[in-house]
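Listed below, chain by chain, are the residues.
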Amino acid sequence: MERQKSRLTSGAFAALCGTTKETLRHYKDIGLLSPARQGDNGYFYYDVEQFYDFYAISIFRQTGTPLEEIRRCLCEQDTAQTLTLLREQRGRLEAERQKLERMDFVLSSALHNLEFGPASDMAPQTAWFDAEHLLALPVEELEGLMTPAASEEEMLIAVLERCQALCGRYRIQTDFQLGAIHQPGEQGGPGAISHLYTRIKEKADFPYYLEKPAGNYLYLCCRGRWDISAGYAALQHHILEEGLKTTGDFYACDLAGFILNSVEKNAVSMISVRLAE
(Lines give C-alpha, C1' and ligand atoms only; values in the text may rest on other atoms or scores of the structure.)
Protein backbone atom coordinates (compact mmCIF):
# COMPACT_ATOMS: atom_id res chain seq x y z
CA MET A 1 0.00 0.00 0.00
CA GLU A 2 1.39 3.38 -0.98
CA ARG A 3 2.22 5.64 1.95
CA GLN A 4 0.06 8.74 2.15
CA LYS A 5 2.23 11.81 1.62
CA SER A 6 1.89 14.82 3.85
CA ARG A 7 0.71 17.85 1.92
CA LEU A 8 2.04 21.28 2.83
CA THR A 9 0.55 24.58 1.75
CA SER A 10 2.91 27.02 0.08
CA GLY A 11 3.02 29.03 3.31
CA ALA A 12 3.87 26.00 5.44
CA PHE A 13 6.44 24.78 2.93
CA ALA A 14 8.04 28.25 2.75
CA ALA A 15 8.32 28.30 6.55
CA LEU A 16 9.88 24.82 6.56
CA CYS A 17 12.46 25.91 3.98
CA GLY A 18 13.16 29.28 5.57
CA THR A 19 12.08 31.18 2.47
CA THR A 20 9.09 33.18 1.26
CA LYS A 21 5.95 32.33 -0.72
CA GLU A 22 7.11 34.86 -3.32
CA THR A 23 10.35 32.90 -3.87
CA LEU A 24 8.41 29.64 -4.24
CA ARG A 25 6.05 31.32 -6.70
CA HIS A 26 9.01 32.55 -8.76
CA TYR A 27 10.60 29.09 -8.76
CA LYS A 28 7.26 27.63 -9.92
CA ASP A 29 6.88 30.18 -12.70
CA ILE A 30 10.30 29.43 -14.18
CA GLY A 31 9.90 25.68 -13.84
CA LEU A 32 12.59 25.30 -11.19
CA LEU A 33 10.48 23.86 -8.35
CA SER A 34 6.85 23.09 -8.99
CA PRO A 35 4.31 22.15 -6.31
CA ALA A 36 3.56 18.43 -6.11
CA ARG A 37 -0.16 18.95 -6.75
CA GLN A 38 -2.99 21.41 -6.93
CA GLY A 39 -6.08 20.83 -4.83
CA ASP A 40 -9.70 21.11 -5.84
CA ASN A 41 -9.73 24.43 -4.05
CA GLY A 42 -7.12 25.78 -6.47
CA TYR A 43 -4.37 25.91 -3.81
CA PHE A 44 -0.93 24.43 -4.49
CA TYR A 45 0.60 21.84 -2.19
CA TYR A 46 4.15 20.57 -1.70
CA ASP A 47 5.37 17.19 -0.49
CA VAL A 48 7.70 17.33 2.48
CA GLU A 49 10.37 15.47 0.47
CA GLN A 50 10.60 18.53 -1.78
CA PHE A 51 12.45 20.22 1.05
CA TYR A 52 15.58 18.52 -0.29
CA ASP A 53 14.92 19.88 -3.78
CA PHE A 54 14.72 23.37 -2.32
CA TYR A 55 17.83 22.73 -0.24
CA ALA A 56 19.78 21.69 -3.35
CA ILE A 57 18.63 24.83 -5.15
CA SER A 58 19.72 26.95 -2.16
CA ILE A 59 23.19 25.41 -2.15
CA PHE A 60 23.62 26.15 -5.84
CA ARG A 61 22.29 29.68 -5.38
CA GLN A 62 24.72 30.41 -2.57
CA THR A 63 27.60 29.51 -4.86
CA GLY A 64 26.37 31.95 -7.50
CA THR A 65 24.94 29.44 -9.97
CA PRO A 66 22.39 31.05 -12.34
CA LEU A 67 18.81 29.84 -11.90
CA GLU A 68 18.56 28.59 -15.48
CA GLU A 69 21.66 26.45 -15.01
CA ILE A 70 20.20 25.02 -11.78
CA ARG A 71 16.91 24.27 -13.52
CA ARG A 72 18.62 22.48 -16.37
CA CYS A 73 20.79 20.46 -14.01
CA LEU A 74 17.91 19.36 -11.77
CA CYS A 75 15.51 18.63 -14.62
CA GLU A 76 17.90 16.56 -16.69
CA GLN A 77 19.23 14.60 -13.69
CA ASP A 78 22.53 14.11 -15.55
CA THR A 79 25.15 12.84 -13.08
CA ALA A 80 28.15 13.89 -15.18
CA GLN A 81 26.71 17.37 -15.69
CA THR A 82 25.93 17.70 -12.01
CA LEU A 83 29.46 16.64 -11.06
CA THR A 84 30.93 19.22 -13.42
CA LEU A 85 28.73 21.94 -11.99
CA LEU A 86 29.55 21.01 -8.40
CA ARG A 87 33.28 21.01 -9.12
CA GLU A 88 33.04 24.43 -10.76
CA GLN A 89 31.12 25.85 -7.84
CA ARG A 90 33.53 24.32 -5.33
CA GLY A 91 36.38 26.03 -7.16
CA ARG A 92 34.58 29.36 -6.91
CA LEU A 93 33.96 28.80 -3.21
CA GLU A 94 37.61 28.01 -2.63
CA ALA A 95 38.64 31.22 -4.38
CA GLU A 96 36.16 33.16 -2.24
CA ARG A 97 37.41 31.45 0.92
CA GLN A 98 40.98 32.47 0.13
CA LYS A 99 39.85 36.02 -0.54
CA LEU A 100 38.06 36.18 2.82
CA GLU A 101 41.11 34.74 4.58
CA ARG A 102 43.28 37.46 3.06
CA MET A 103 40.81 40.13 4.15
CA ASP A 104 40.66 38.68 7.67
CA PHE A 105 44.45 38.65 7.95
CA VAL A 106 44.77 42.27 6.81
CA LEU A 107 42.00 43.47 9.13
CA SER A 108 43.36 41.47 12.07
CA SER A 109 46.81 42.95 11.48
CA ALA A 110 45.40 46.47 11.34
CA LEU A 111 43.44 45.94 14.57
CA HIS A 112 46.51 44.49 16.28
CA ASN A 113 48.62 47.45 15.21
CA LEU A 114 46.16 50.17 16.08
CA GLU A 115 45.62 48.74 19.56
CA PHE A 116 49.05 50.18 20.35
CA GLY A 117 47.82 53.61 19.26
CA PRO A 118 46.92 54.86 22.78
CA ALA A 119 50.47 54.11 24.00
CA SER A 120 52.31 57.22 25.18
CA ASP A 121 54.77 58.74 22.75
CA MET A 122 58.43 57.87 23.40
CA ALA A 123 57.63 56.01 26.65
CA PRO A 124 59.37 52.59 26.97
CA GLN A 125 57.05 49.81 28.14
CA THR A 126 57.09 46.03 28.37
CA ALA A 127 54.55 43.51 27.12
CA TRP A 128 54.29 39.92 25.97
CA PHE A 129 54.37 39.60 22.19
CA ASP A 130 53.25 36.49 20.36
CA ALA A 131 55.46 35.08 17.63
CA GLU A 132 55.14 36.71 14.21
CA HIS A 133 55.92 35.23 10.81
CA LEU A 134 57.92 37.45 8.50
CA LEU A 135 58.90 37.71 4.87
CA ALA A 136 62.33 39.25 5.37
CA LEU A 137 64.31 40.75 2.49
CA PRO A 138 68.09 41.03 3.04
CA VAL A 139 69.29 44.61 2.62
CA GLU A 140 72.12 43.45 0.38
CA GLU A 141 69.64 41.94 -2.06
CA LEU A 142 67.54 45.09 -2.13
CA GLU A 143 70.59 47.27 -2.72
CA GLY A 144 71.27 45.19 -5.82
CA LEU A 145 67.84 46.12 -7.20
CA MET A 146 68.41 49.87 -6.96
CA THR A 147 70.91 52.48 -8.00
CA PRO A 148 73.03 54.03 -5.23
CA ALA A 149 71.19 57.34 -5.71
CA ALA A 150 67.69 55.84 -5.46
CA SER A 151 65.10 58.02 -3.72
CA GLU A 152 62.95 56.84 -0.82
CA GLU A 153 60.02 56.44 -3.22
CA GLU A 154 62.12 54.28 -5.55
CA MET A 155 63.27 52.19 -2.60
CA LEU A 156 59.67 51.66 -1.46
CA ILE A 157 58.63 50.65 -4.97
CA ALA A 158 61.47 48.12 -5.15
CA VAL A 159 60.55 46.62 -1.77
CA LEU A 160 56.85 46.34 -2.57
CA GLU A 161 57.47 44.87 -6.02
CA ARG A 162 59.82 42.29 -4.54
CA CYS A 163 57.33 41.39 -1.80
CA GLN A 164 54.52 41.03 -4.32
CA ALA A 165 56.65 38.81 -6.56
CA LEU A 166 57.63 36.52 -3.69
CA CYS A 167 54.10 36.33 -2.30
CA GLY A 168 52.82 35.35 -5.72
CA ARG A 169 55.54 32.77 -6.27
CA TYR A 170 55.14 31.09 -2.89
CA ARG A 171 51.40 31.75 -2.41
CA ILE A 172 51.91 33.75 0.76
CA GLN A 173 49.50 36.22 2.37
CA THR A 174 50.88 39.51 3.68
CA ASP A 175 49.49 42.83 4.89
CA PHE A 176 52.32 44.77 3.16
CA GLN A 177 52.97 46.81 6.29
CA LEU A 178 56.72 47.21 6.35
CA GLY A 179 59.30 47.00 9.08
CA ALA A 180 63.05 46.80 9.57
CA ILE A 181 65.24 44.35 11.48
CA HIS A 182 68.27 45.85 13.18
CA GLN A 183 71.13 43.72 14.40
CA PRO A 184 72.19 44.46 18.00
CA GLY A 185 74.68 47.29 18.15
CA GLU A 186 77.10 48.50 20.76
CA GLN A 187 75.94 49.72 24.16
CA GLY A 188 72.69 47.81 24.05
CA GLY A 189 71.11 49.65 21.14
CA PRO A 190 70.16 48.75 17.58
CA GLY A 191 72.86 48.57 14.96
CA ALA A 192 72.68 48.37 11.20
CA ILE A 193 69.58 47.21 9.34
CA SER A 194 69.91 43.61 8.15
CA HIS A 195 66.45 43.08 6.63
CA LEU A 196 63.29 44.87 5.60
CA TYR A 197 60.21 42.79 6.30
CA THR A 198 56.49 42.43 6.05
CA ARG A 199 54.34 40.15 8.18
CA ILE A 200 52.85 37.02 6.64
CA LYS A 201 49.90 34.93 7.74
CA GLU A 202 51.68 31.74 8.75
CA LYS A 203 54.96 29.91 8.88
CA ALA A 204 56.29 29.20 5.42
CA ASP A 205 59.00 26.99 4.00
CA PHE A 206 60.84 29.39 1.71
CA PRO A 207 64.24 31.16 1.77
CA TYR A 208 62.93 34.53 3.00
CA TYR A 209 61.11 33.28 6.07
CA LEU A 210 62.09 34.55 9.51
CA GLU A 211 60.24 34.32 12.79
CA LYS A 212 60.05 37.09 15.33
CA PRO A 213 60.03 34.92 18.46
CA ALA A 214 57.44 35.17 21.18
CA GLY A 215 58.55 36.66 24.46
CA ASN A 216 58.53 39.59 26.83
CA TYR A 217 59.50 42.65 24.83
CA LEU A 218 60.62 46.15 25.63
CA TYR A 219 58.93 48.48 23.18
CA LEU A 220 58.48 52.15 22.45
CA CYS A 221 56.00 53.93 20.19
CA CYS A 222 56.85 56.99 18.11
CA ARG A 223 53.86 59.11 17.18
CA GLY A 224 53.39 61.94 14.71
CA ARG A 225 56.75 61.68 12.95
CA TRP A 226 58.31 59.86 10.02
CA ASP A 227 61.83 60.08 11.47
CA ILE A 228 62.05 57.69 14.44
CA SER A 229 65.77 58.07 15.13
CA ALA A 230 64.91 59.76 18.45
CA GLY A 231 62.98 56.63 19.38
CA TYR A 232 66.04 54.44 18.84
CA ALA A 233 68.07 56.78 21.06
CA ALA A 234 65.40 56.84 23.78
CA LEU A 235 65.13 53.05 23.82
CA GLN A 236 68.90 52.63 23.99
CA HIS A 237 69.11 55.16 26.84
CA HIS A 238 66.41 53.30 28.78
CA ILE A 239 68.21 49.97 28.33
CA LEU A 240 71.47 51.39 29.66
CA GLU A 241 69.86 53.36 32.47
CA GLU A 242 67.84 50.40 33.74
CA GLY A 243 70.62 47.86 33.18
CA LEU A 244 68.34 45.68 31.05
CA LYS A 245 69.54 42.63 29.18
CA THR A 246 68.15 42.13 25.71
CA THR A 247 68.45 39.26 23.28
CA GLY A 248 68.12 39.00 19.53
CA ASP A 249 67.38 41.68 16.98
CA PHE A 250 65.56 44.99 17.22
CA TYR A 251 62.34 45.34 15.20
CA ALA A 252 60.97 48.62 13.93
CA CYS A 253 57.55 48.57 12.28
CA ASP A 254 54.87 50.88 11.01
CA LEU A 255 51.68 50.55 13.06
CA ALA A 256 49.25 52.86 11.29
CA GLY A 257 50.06 51.51 7.85
CA PHE A 258 47.81 52.29 4.92
CA ILE A 259 44.90 53.23 7.21
CA LEU A 260 46.25 56.38 8.86
CA ASN A 261 49.61 57.25 7.36
CA SER A 262 48.52 59.65 4.63
CA VAL A 263 49.92 62.52 6.72
CA GLU A 264 52.83 62.64 9.13
CA LYS A 265 50.76 63.66 12.16
CA ASN A 266 49.01 60.28 11.98
CA ALA A 267 52.21 58.24 11.72
CA VAL A 268 52.70 55.65 14.45
CA SER A 269 55.75 53.37 14.58
CA MET A 270 57.03 50.92 17.16
CA ILE A 271 60.53 49.74 18.06
CA SER A 272 60.84 46.56 20.09
CA VAL A 273 63.45 44.14 21.37
CA ARG A 274 63.06 40.96 23.37
CA LEU A 275 64.20 41.00 26.99
CA ALA A 276 66.57 38.26 28.13
CA GLU A 277 65.09 35.85 30.66
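Computed from a predicted model, the values in this text were never measured in an experiment.

**A word on the overall build of the chain**
Counting secondary structure elements, the chain contains nine helices and eleven strands. Along the first, second and third principal axes, the C-alpha set of the chain runs to 95 × 40 × 35 Å. Taking the intrachain contacts of the chain between residues at least 6 apart in sequence as the baseline, contacts between residues at least 24 apart amount to 69%. When the accessible area of the chain is evaluated, it comes to approximately 16700 Å², of which 52% is carbon and sulfur surface. Taking the average place of the 28 positive charges on the side chains of the chain and the average place of its 39 negative ones, the gap between the two points comes to 10 Å.

**A few points about the sheet that holds strand β8 (residues 209–212)**
Ordered by their spatial adjacency, eight strands build an open sheet running β4-β9-β11-β10-β6-β7-β5-β8, and the pairing between neighbours is antiparallel. The two strands at the open ends of the sheet, each matched to only one other strand, are β4 (125–129) and β8. For this sheet the average axis-to-axis angle between neighbouring strands, irrespective of direction, equals 35°. The sheet contact formed by strand β6 (residues 174–184) and strand β10 (residues 246–254) spans four bridges and is antiparallel. Looking at the pairing, Gly 179 lines up with Cys 253 of β10. With respect to the sheet, helix α8 (residues 229–242) is in contact with β6, β7 (190–200), β9 (215–223), β10 and β11 (268–275), its orientation differing from that of β9 by roughly 140°.

**Section: α8**
With 14 residues, α8 should reach 20 Å at 1.5 Å per residue; the first-to-last C-alpha distance of 20 Å fits that figure. Taken together, the buried positions of α8 are occupied by Gly 231, Tyr 232, Leu 235, His 238 and Ile 239. Taken down its axis, α8 places every buried residue within 130° of arc, on the same side. Buried residues in α8 make contact with β6, β7, β9, β10 and β11.

**Describing the sheet that holds strand β2 (residues 37–38)**
Reading across from one edge, β1-β3-β2 is the order of the three strands in this open sheet, with antiparallel pairing throughout. Only two strands of the sheet have a single partner each, and these edge strands are β1 (7–9) and β2. For β1 and strand β3 (residues 44–47), the ladder comprises three bridges, and the chain directions are antiparallel. From the neighbouring strand, Thr 9 faces β3, where its bridge partner is Tyr 45. In the packing of helix α1 (residues 10–17) onto the sheet, the strands contacted are β1 and β3, and the crossing angle to β1 comes to about 90°.

**Digging into unusual backbone geometry**
Phi at Arg 171 takes a positive value of approximately 55°, unusual for a residue other than glycine. As for its placement among the helices and strands, Arg 171 is situated in the loop between α7 (152–170) and β6. Classification of Arg 171 by relative accessible area gives exposed; the value is 76%.

**As for helix α3 (residues 50–62)**
Taking 1.5 Å per residue as the helical rise, α3 with its 13 residues ought to reach 18 Å, and the 18 Å between its terminal C-alpha atoms agrees with that figure. All of the buried residues along α3 are Gln 50, Phe 54, Ile 57, Ser 58 and Phe 60. With its buried residues spanning 165° around the axis, α3 presents them on a single face. Exposed and facing more than 90 degrees away from the buried side of α3 are Tyr 52 and Gln 62.

**Remarks on the environment of Gly 231**
By the element assignment, Gly 231 lies in helix α8. Those residues in contact with Gly 231, other than ones at most four positions away along the chain, are Met 122, Leu 220, Cys 222 and Ile 271.

**What to know about the pairing of β3**
Where β2 meets β3, two bridges bridge the pair, whose relative direction is antiparallel. Note that in β3 the partner of Arg 37 across the bridge is Tyr 45. Hairpin connection of β2 to β3: five residues between the antiparallel strands, including Gly 42 at a positive phi of 90°.

Cut-offs applied
- Residues numbered from 1 in each chain as written.
- Predicted model: local features only at pLDDT ≥ 70, side-chain atom pairs only at ≥ 80, totals over all residues.
- Heavy atoms only, no water.
- Helix = DSSP H or I, 4+ residues; strand = E, 2+ residues; numbered from the N terminus.
- Contact = heavy atoms within 4.5 Å.
- Areas by Shrake-Rupley, 256 points an atom, 1.4 Å probe, with all protein chains shown as cover.
- Lys, Arg positive; Asp, Glu negative; His and termini not counted.
- Charge placed at Lys NZ, Arg CZ, Asp CG, Glu CD.
- Pairing = 2+ DSSP bridges.
- Axes fitted to C-alpha atoms, helices over the stretch in contact; angles between N-to-C directions.
- Expected span 1.5 Å × (residues − 1).
- Buried < 20%, exposed > 50% of the residue type's maximum accessible area, 1.4 Å probe, protein only.
- Arc of directions from axis to C-beta.

As far as function goes, none of this settles anything; it's purely spatial.
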